[in-house]
Amino acid sequence: ADSLVALTLTVREALIRDFDIPPGKIAVIPHGPFSLGKATPLPGRQRILLFGSLRRNKSVREVIEGVLLARSRGLNVTLTLAGAPLKQEPGYWDECLAAVARDPHAFDMRPGFLPDEALPGLIAEVDAFVLAYRDFNSQSGVGILAAMAGRPVIGTRSGGLGELFDIGMAGEIVSEPVTAETVADALQAFLARPVSEWQERADEAVKRLSAHLDWHRIADAYIALARGAAPSQDGQP
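Let me begin by describing the structure that accompanies this report. It should be emphasised that the depicted structure is a prediction, and the values quoted were computed from it without experimental measurement. (Residues numbered from 1 in each chain as written. Predicted model: local features only at pLDDT ≥ 70, side-chain atom pairs only at ≥ 80, totals over all residues. Heavy atoms only, no water.)

## Looking at the overall build of the chain
When helices and strands are counted, the chain shows nine helices and eight strands. Its C-alpha atoms give the chain principal-axis dimensions of roughly 60 × 40 × 30 Å. Put simply, the chain has 237 residues, and 48% of those count as buried. Of the accessible surface of the chain, which amounts to about 11200 Å², a share of 53% is contributed by carbon and sulfur atoms. Separation between the mean location of the 24 positive side-chain charges and that of the 29 negative ones in the chain comes to 2 Å. (Helix = DSSP H or I, 4+ residues; strand = E, 2+ residues; numbered from the N terminus. Buried < 20%, exposed > 50% of the residue type's maximum accessible area, 1.4 Å probe, protein only. Areas by Shrake-Rupley, 256 points an atom, 1.4 Å probe, with all protein chains shown as cover. Lys, Arg positive; Asp, Glu negative; His and termini not counted. Charge placed at Lys NZ, Arg CZ, Asp CG, Glu CD.)

Pasting the structure below:
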């Protein structure tokens, strides 16, 4: 290939570091946004959502333990777990279930594949997504989904999540390395702010990400690259 396209700066850096690919050969052009319709207001129920593949590098067990710790501090937070455990990680989901069993009322368990038509109703029930990723370089499709649905993200800056926060995604940062304590601290900081403030921030995030990840802008970047322009390093046409 004459040029490669990475979706994030962190993927570009990994390609250079791990495969010795010349920096000038790699363009960074993000994936565009996708929306499930008009964003619904934040319900203010202190319910958060961990959605998608339930795997170790999403720190699922640490998030569960962080919710338990936050509740021990007097926070009335609950966690919805929606998705399928990763088959390649036998035993990890059992660890997660053992942690859930310590306070089943703190969790809404929805294991298995969730069809697209069920997502709007699920998202309408929660105030935020939690994305405590680690060892992650890719652009986060779930992060974009959350932001475009008008939901803040309680997450790390790992991989593409950090770039989404830099663009303007609303949320609270989970300090790394991810532990029950860092998750509980981020939950506490998130819940300390009024819902009205998070609503304002989330609405602004939809506008900023929609502009930055505009499909026409992305198309222009690919056209410029195909015409032989120097590869972009920040998604700009």
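## A look at the packing of aromatic side chains
Under the defined criterion, the tally for this structure stands at one aromatic pair. Residues F190 and W198 carry aromatic rings whose centres are separated by 4.6 Å and whose planes lie at 25 degrees to one another, so their mutual orientation is stacked. F190 sits in the buried class, given a relative accessible area of 4%. Positioned above the aromatic ring of W198 is the side chain of R201, whose terminal nitrogen or guanidinium carbon lies 4.9 Å from the ring centre. (Phe/Tyr/Trp six-rings, centres within 6.5 Å; stacked < 30°, edge-to-face > 60°. Lys NZ or Arg CZ within 6 Å of the ring centre and 35° of its normal.)

## Section: the nonpolar core
Among the nonpolar cores identified, the biggest contains 34 residues, and I48, V60, I64, L79, L81, F107 and I154 are the most heavily contacted of them. Within the residue set of this core, elements represented by two or more residues are β3 (47-51), α2 (60-72), β4 (78-83), α3 (92-100), β6 (128-131), α7 (180-192) and α8 (195-212). Here L81 is in contact with L50, L54, V60, I64, W93, V100, F107, D108, M109, R110 and P111, once residues within four sequence places are set aside. Counting 27 residues, the second-largest nonpolar core is a separate cluster that includes A146, A147, L209 and L213. (Core = buried A, V, L, I, M, F, W, Y, C linked by side-chain atoms within 4.5 Å. Contact = heavy atoms within 4.5 Å.)

## As for the pairing of β4
Most of β4 sits out of view: six of its six residues are buried. Burial along β4 is two-sided: T78, T80 and A82 and L79, L81 and G83, pointing in opposite directions, are all buried. Sheet analysis places β3 next to β4, joined by five bridges and oriented parallel. Opposite L50, over in β4, you have L81 as the bridge partner. Pairing analysis gives five bridges linking β4 to strand β5 (residues 107-111), with the strands arranged parallel. Bridge pairing in β5 places L79 opposite F107. Handedness of the β4-α3-β5 crossover: right-handed. (Pairing = 2+ DSSP bridges. Right-handed = clockwise from strand over helix to strand, strands pointing away.)

## Focus on the sheet that holds β5
Spatial ordering of the open sheet is given by β5-β4-β3-β6-β7-β8, a layout of six strands whose pairing is parallel. If you trace the sheet from one side to the other, it starts and ends with β5 and β8 (171-173), each paired once. Neighbouring strand axes in the sheet, compared pairwise and without regard to direction, differ in orientation by 20 degrees on average. Across the sheet, α7 lies against β3, β6, β7 (153-155) and β8, angled at about 150 degrees from β8, the strand it touches most. (Axes fitted to C-alpha atoms, helices over the stretch in contact; angles between N-to-C directions.)

## Structural notes on α3
Y92, W93, C96, A99 and V100 are the residues of α3 that are buried. Buried residues of α3, seen end-on, are gathered within an arc of 115 degrees and therefore sit on one face of the element. As for α3, its buried residues are in contact with α2, β4 and β5. (Arc of directions from axis to C-beta.)

## A few points about the environment of D18
Note that D18 resides in helix α1 (residues 9-19). Exposure remark for D18: the relative accessible area of 48% places this residue in the partly exposed category. A distance of 3.1 Å separates polar atoms of two side chains, one belonging to D18 and the other to R17. (Polar contact = N/O pair within 3.5 Å; in protein donor to acceptor, adjacent residues only side chain to side chain.)

## So, the packing of α2 against α3
Running from N to C, α2 and α3 cross one another at 5 degrees; their axes reach a closest spacing of 9 Å. Between α2 and α3, the angle is such that the two are roughly parallel. For the pair α2 and α3, contact is made by V60, R61, E62, I64, E65 and L68 and by Y92, W93, E95, C96, A99 and V100, respectively. Considering only residue class, the contact of α2 with α3 consists of eight nonpolar, no polar and four charged. (Parallel < 35°, antiparallel > 145°, perpendicular 65-115°, else oblique. Nonpolar A, V, L, I, M, F, W, Y, C, P; charged D, E, K, R; others polar.)

As far as function goes, none of this settles anything; it's purely spatial.
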